[in-house]
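Each chain is listed here by its residues.
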Amino acid sequence: HEGHEGVQQHGCRALANLAVNAENKVKVAESGGIEVVVGAMRRHEGHAGVQQQGCSALKNLVANDDNQIKVAQAGGIEVVV
């Protein structure tokens, strides 16, 4: 449901909640979660809820040093700025 804003908002929120845990930060990144969040933020740039939850997810994920590089490579800086 990539085209459904509400589903994307809640998906980003779920990933944000999962990424509070240190082990899950790694698992989310290894499972392609960073790219999913960045993609949702790109597709729904006009939807405040997707943007808010996407930023929250990225914030939690970058607390892991390796994920900082992965977020940058996936375009995470551009979607936040």
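Residues numbered from 1 in each chain as written. Predicted model: local features only at pLDDT ≥ 70, side-chain atom pairs only at ≥ 80, totals over all residues. Heavy atoms only, no water.

### Brief notes about the packing of helix H1 (residues 5-18) against helix H4 (residues 48-61)
Going by this rule: Helix axes are fitted only over the stretch in contact, all axes being lines through C-alpha atoms; the angle between N-to-C directions runs from 0 to 180 degrees. Per the convention used, a helix needs a DSSP run of H or I reaching at least four residues, while a strand needs a run of E reaching at least two, with both numbered from the N terminus. With respect to orientation, any angle under 35 degrees is reported as roughly parallel, any angle over 145 as roughly antiparallel, any angle of 65 to 115 as roughly perpendicular, and every other angle as oblique. Crossing chirality is assigned from the near helix's rotation relative to the far helix, an anticlockwise turn below a right angle marking it left-handed and a clockwise turn marking it right-handed. By definition in these notes, contact holds between two residues if any of their heavy atoms fall within 4.5 Å. For this scheme, ten residues count as nonpolar: Ala, Val, Leu, Ile, Met, Phe, Trp, Tyr, Cys and Pro. Four count as charged, namely Asp, Glu, Lys and Arg, and the remainder, Gly too, count as polar.
Between H1 and H4, whose axes approach to 8 Å, the crossing angle comes to 20°. As summarised for this structure, H1 and H4 are arranged roughly parallel, according to the angle between their axes. Considering only the axes of H1 and H4, their crossing is left-handed. For the pair formed by H1 and H4, the contact residues are Glu5, Gln8, Gln9, Cys12, Arg13, Leu15 and Ala16 on the first element and Gly49, Val50, Gln53, Gly54, Ser56, Ala57 and Asn60 on the second. Residue composition of the contact of H1 with H4, by class: five nonpolar, seven polar and two charged.

### Points about the side chain of histidine 44
Stated precisely, the cut-off is as follows: Polar contact criterion, stated in full: a pair of N or O atoms within 3.5 Å, where within protein one must be able to donate a hydrogen and the other to accept it, and residues adjacent in sequence count only if both atoms are side-chain atoms.
Secondary-structure assignment places histidine 44 in the loop between helix H3 (33-43) and H4. Polar side-chain contacts of histidine 44 include one of 2.8 Å to the backbone oxygen of glutamate 2. Those residues within four positions of histidine 44 in sequence are excluded, and the remaining contacts are Glu2, Gly3, His4, Glu5, Gln8, Val50 and Gln51.

By themselves these figures say nothing about function.
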